[in-house]
Amino acid sequence: MKKDAWDWISDNEKMIIDASDKIWNLAELGLVEEKSSKYLANILEEHGFTVEMGVADMPTAFVASYGKGDPTIGFMGEYDALPGLSQKPVPYQDPIEEGAPGHGCGHNIHGVTGVMGAIATKVVMEKHGLKGTLKFFGTPAEETYSGKVFMVRAGCFNGVDAVFSHHPGRFNVAGLGSSLAMNSAKFHFYGTAAHAAATAYVGRSALDAIELMNVGVNFMREHVVQEARVHYVIEAGGMQPNVVPDYARSWYYIRAPEREQVNQIYDWVLQIAEGAALMTQTKLKVEFIEGLCNELPSKGLSELVIANMREIGAPEYSDEEMTFAKEMAKTVTKEAKSELLRATKRPGWEQLVEDNIHIDREIHDPWDKGIIWPGSTDTSDVSWIAPTMEFSTATTTLEAAGHDWQWTACCGMSIGHKSLIFATKVMAGSAVELVTKPDLLKKIKDEHAERMTGKRYICPIPEDIKPPLEMAREKASK
Ligand SMILES: [Zn+2]
C-alpha cells in the first residue's frame, strides 16, 4: 500500500516542488504567514480535507482533517521565514532583496512535506477503504513565538495517536535526543529622564537597571545546572548619552534540560530584575513571551521512519548539484566545517572533513540517545501529548550551520527539492504503516505512556498570555 503513496508523490513531483518554491518566495515571518498558511490550507481543501483556519487565537494557525474514527495520525508543517536571510538559489551570498526575510531554516520544505505526506496517505486510505483520521497541523511562528505551544494549550492535538514532522537538515536521521525547555521574557524598566550633565541627580536611569540586572544574572550562572543557557539582548537603552534614559528594555531566553529547572532559574531571574529596580529606584514590568518544554523522544517512531528511509533510498545528486555544493563549501573554512560537524556528534564526522564530502548521503541510525541538544523547539510540547517524531533529511550542504544564507539557497533549489520529495515519501510511508498496523501503533503509544509516567503536561505559557500578534506585526513591518 505504501507503494501507492510513493507513486502519487512521484506523479505529483512538480506540484510538490512548486508548492515549496511558492512558500520559499513568500518568505513571511512568524505569525504573519498569511499568504503561506492560506496557500497550504487551500491545497489541503482541494484534496478533500476540511480546514479550520485561525485556531488557538492565531490567524495563521490551522487544522485540516480527513476521515473519521481511529487511529488519528497527525502531520505538522511550519512555514515561517527568518529576518534578513533573503538569498537567491546560488552558491554565493546574493540576497533577492537586501535585509528581507528568507527561508534560512527551510520551513518552506517543512510545511510542504507535512501537507503532501498527509495527502498521499489520504490517497492510499481512499483507494483501499481504510478507516482512520488524518490531521494536518499548520503551526506558525516556530522561530520566535512557539505557535505549537498555543495550539497544544488550545487542545488542538488532543486525541491524536502519533505525530510526524520533518525538518530540513544535513543528515538523514530520526533522532532520539532531547532539547532544552525554555522561557522567553522581556524586562521593561521605567525611570526618570533628566539632563545627564546638569541635573542627573533628579534622574533615575532605566539603563542602569538593565546593566545591573545583567550583572546579577551573569553572577547567577555559576549556580545553576551546567546545561542551562541564559542569553539576552538590550532592545532599548536610551536615545543619546546626554539624557538619562527613562526607559530601557532587555529580552531574555532562559533554557535548561527540565521544565522545572527553567521555572527555578526564571524565578531567580525575576528576583534579580526586582533587585535591579530597587537599586536604581526604577519600576519594572515583566512581559512573558513564550515558554516551552523539553522534547520526549520516540524510539518506535524513529525505527519506523528510518526503515522507510532505507526502503526508499536517499536521493542521488547530479554533477551540477555536486558542483553547486562544492562552490558553496568554499564559503566556509575547513576549520569552521570541523567545528560545525564536531558539534553534531555524527559518528565518523572527521572522515567527512578529510574526504571533502559536501552532502551526507548516508541513512543513519540515531546516535543521540540520551543527548540533550542545546536548542529548544515547540515540537517538544506536542511530544508530551502524543508520540512525536520530527525527522530530518539531508537538505543542505555539510558546511552550512542553519539560519544562514546557505540554507536559504539550498532550500530553494534542486538539492532541497530532492530532500523534499524523499522526506514526503518517508512521511507518507510511515503514516500508512501506522494506519494499517494497529499493533505497531499500540507499541509506540505504550512507549510514550511509559515515558510520561510520573509526568503531567502543564502548559508553560500562563493562561492569560495570548499569542503576541501585535509584536509580530510590528516586527514584520520593519
Ligand atoms: Zn527550523
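Cut-offs and rules
- Residues numbered from 1 in each chain as written.
- Predicted model: local features only at pLDDT ≥ 70, side-chain atom pairs only at ≥ 80, totals over all residues.
- Heavy atoms only, no water.
- Helix = DSSP H or I, 4+ residues; strand = E, 2+ residues; numbered from the N terminus.
- Expected span 1.5 Å × (residues − 1).
- Buried < 20%, exposed > 50% of the residue type's maximum accessible area, 1.4 Å probe, protein only.
- Disulfide = S-S within 2.5 Å.
- Polar contact = N/O pair within 3.5 Å; in protein donor to acceptor, adjacent residues only side chain to side chain.
- Contact = heavy atoms within 4.5 Å.
- Pairing = 2+ DSSP bridges.
- Right-handed = clockwise from strand over helix to strand, strands pointing away.

Draft legend 1. Examining helix α4 (residues 107-128) more closely. Compared with an ideal rise of 1.5 Å per residue, which puts 22 residues at 32 Å, α4 spans 32 Å between its outermost C-alpha atoms and is within 8% of the ideal. Buried residues dominate α4, accounting for 18 of its 22 residues. Note on α4: the residue one or two positions beyond its end, Gly129, has a positive phi of about 60°.

Draft legend 2. Inspection of the state of the cysteines at higher detail. Tallied over the full model, the rule gives zero disulfides. Cys411 takes part in no disulfide bond, and the closest cysteine sulfur, belonging to Cys410, lies 6.6 Å away. Using a relative accessible area of 0% as the deciding quantity, one classes Cys411 as buried.

Draft legend 3. View of the side chain of Asp161. Mapping Asp161 onto the fold places it in the loop between α5 (147-153) and β5 (162-169). Of note is the side chain of Asp161, whose polar atom sits 2.7 Å from the backbone nitrogen of Thr72. Of note is the side chain of Asp161, whose polar atom sits 2.6 Å from the side chain of Lys445. Residues within four places of Asp161 in sequence aside, it is in contact with Pro71, Thr72, Ala386, Pro387, Leu441 and Lys445.

Draft legend 4. Fine view of the pairing of strand β4 (residues 132-138). β4 sits mainly inside the fold: six of its seven residues count as buried. Pairing between strand β3 (residues 72-77) and β4: six bridges, direction parallel. Bridging across to β4, Phe75 finds its partner in Phe136. Each parallel crossover has a hand, and the one from β3 via α4 to β4 is right-handed.

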